[in-house]
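Examination of the molecular architecture
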Amino acid sequence: MAAAIVTKGLTKKYGDRVVVDHLDLKINEGEVFGLLGPNGAGKTTTILMCLGLSEPTSGTATVVGFDPARQPIEVKRVVGYLPDAVGFYEGMTGRENLRYTARLNGLEKDEGENRIESLLTEVGLADAADDQVGTYSRGMRQRLGIADALVKDPKILILDEPTVSIDPEGVAEILALIRRLAEERGVTLLLSSHLLHQVQSVCDRVGIFVQGRLVAQGRVAELARRAAGGAGWIEMETDADPTRVTEALAAVSGLADVEQVHSGHWRLRGPLDVTPRVVAALVGAGIPVRRVEPLEPDLDEVYRRVYHGGEVADGGGR
């Protein structure tokens, strides 16, 4: 796949403090990539270097083929950016703020008006478009910020902590909007966040930052398998006698954990190909089974393993 963003050995130091440490990263065109890590991990600094707003100490970055350090204007033409603290003119309406952005980006009046009207509908602010931004909630401001970043019709959209301090309903709206943008517009999305479960719901791939280093990157399922050493969890439901279930499963090679969570509900851990053998063992023992299915990998568990020294990296950082 063609690359939208590529960094090689990208490093940022402030004095002796290394904020971003030899970052090697490739984000493909059209994908949603989640940059994960706690505050201070280096996520925002990485974004600023990719935008040409901060110069790297060493290493390189290219954004749609442009070097942000040497061609910042070209980069800004193709990238829409929503910072973690977006600012608007409070006394102006949402529509007026977008008109200002359209003029800054050189859009003709008619083209700008048509695009603004479409964007306000797309982000769910058509009914509040002519209210002053000073009356907007945090969630409404973030949606207006996404519309503002889309005014220039960018190839890449970068969102820095877009759901922080937003109520659950607002979070759901923002995440649904991100999914629609990826599916309908085909825009490349870089989402920076420390809220793991939210990122898992929208991202194609993720990269995990720890103290300035990208220590793991890939699809959540791949990272989960590495973190678990190639194993996975299975949920099973049966009303059979627990002793019979335990005896039947004892014959299944590779099962590392067999736990009855509560009456009729079991959790098993074993190799990725163990599910058919589990079913065969139970059926062979005459045990009726209501349900057997693999559990969805948990990004929180992957992150805990990585953050506390687990080896799941794929060479994404040094």
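Read on for a plain summary of the structure. This one's a predicted model, so the numbers in the text were calculated from it and none came from an experiment.

1. Considering helix H3 (residues 94-104)
- Looking only at H3, the buried set comprises Gly94, Arg95, Asn97, Leu98, Thr101 and Ala102. Within H3, the buried residues cover an arc of 160 degrees as seen down the axis, which keeps them to one side. Of the exposed residues in H3, the ones pointing more than 90 degrees away from its buried face are Arg103 and Leu104.
- Looking at the buried positions of H3, the neighbouring elements they touch are helix H4 (109-122) and helix H5 (138-150).
- Looking one or two residues beyond H3, the residue adopting positive phi is Gly106, at roughly 75 degrees.

2. Observations regarding the pairing of strand S2 (residues 17-28)
- In this sheet, S2 lies alongside strand S1 (residues 3-14) in antiparallel orientation, the contact comprising 8 bridges. Bridge pairing links Ala3 to Asn28 in S2.

3. Brief notes about the sheet that holds strand S13 (residues 291-294)
- Here we have 4 strands laid out as an open sheet, ordered S11-S12-S10-S13, and antiparallel in their pairing. Single-partner strands in this sheet number two, and they are strand S11 (257-262) and S13. Across the sheet, the axes of successive neighbouring strands diverge by a mean angle of 20 degrees, strand direction being ignored.
- In terms of strand pairing, S11 meets strand S12 (residues 265-271) through 5 bridges, oriented antiparallel. When the sheet's bridge partners are listed, Glu259 is paired in S12 with Arg267.
- Sitting on the sheet, helix H9 (residues 242-249) is in contact with strand S10 (231-237), S11 and S12, with an inclination near 10 degrees to S12.

4. A closer look at unusual backbone geometry
- For His22, which is not glycine, the phi torsion reads 50 degrees and is therefore positive.
- In this structure, His22 sits in strand S2.
- Here His22 falls in the partly exposed class, since its relative accessible area comes to 23%.
- With a phi close to 50 degrees, Glu161 is a non-glycine residue in the positive phi region.
- In this structure, Glu161 sits in the loop between strand S6 (156-160) and helix H6 (168-185).

5. Here's the deal with H5
- Taking 1.5 Å per residue, 13 residues should reach 18 Å; H5 reaches 19 Å between its end C-alpha atoms and fits that length.
- Of all 13 residues that make up H5, 12 are buried, and the element is covered over most of its length.
- Its buried side turned inward, H5 meets strand S5 (79-82), H3, H4, S6 and H6.

6. Overview of the nonpolar core
- By size, the foremost hydrophobic cluster in this structure holds 51 residues, and its most contacted members are Ile146, Leu157 and Leu189.
- Top contributing element to this core by residue count: H6, with 7 residues.
- Setting aside its immediate chain neighbours within four residues, Ile146 contacts Leu82, Val123, Leu157, Leu159, Ile174, Leu177 and Leu181.
- With 25 residues, the next largest nonpolar core counts Ala4, Ile5, Leu35 and Ala61 among its residues.

Rules behind the numbers
Residues numbered from 1 in each chain as written. Predicted model: local features only at pLDDT ≥ 70, side-chain atom pairs only at ≥ 80, totals over all residues. Heavy atoms only, no water. Buried < 20%, exposed > 50% of the residue type's maximum accessible area, 1.4 Å probe, protein only. Helix = DSSP H or I, 4+ residues; strand = E, 2+ residues; numbered from the N terminus. Arc of directions from axis to C-beta. Contact = heavy atoms within 4.5 Å. Pairing = 2+ DSSP bridges. Axes fitted to C-alpha atoms, helices over the stretch in contact; angles between N-to-C directions. Expected span 1.5 Å × (residues − 1). Core = buried A, V, L, I, M, F, W, Y, C linked by side-chain atoms within 4.5 Å.

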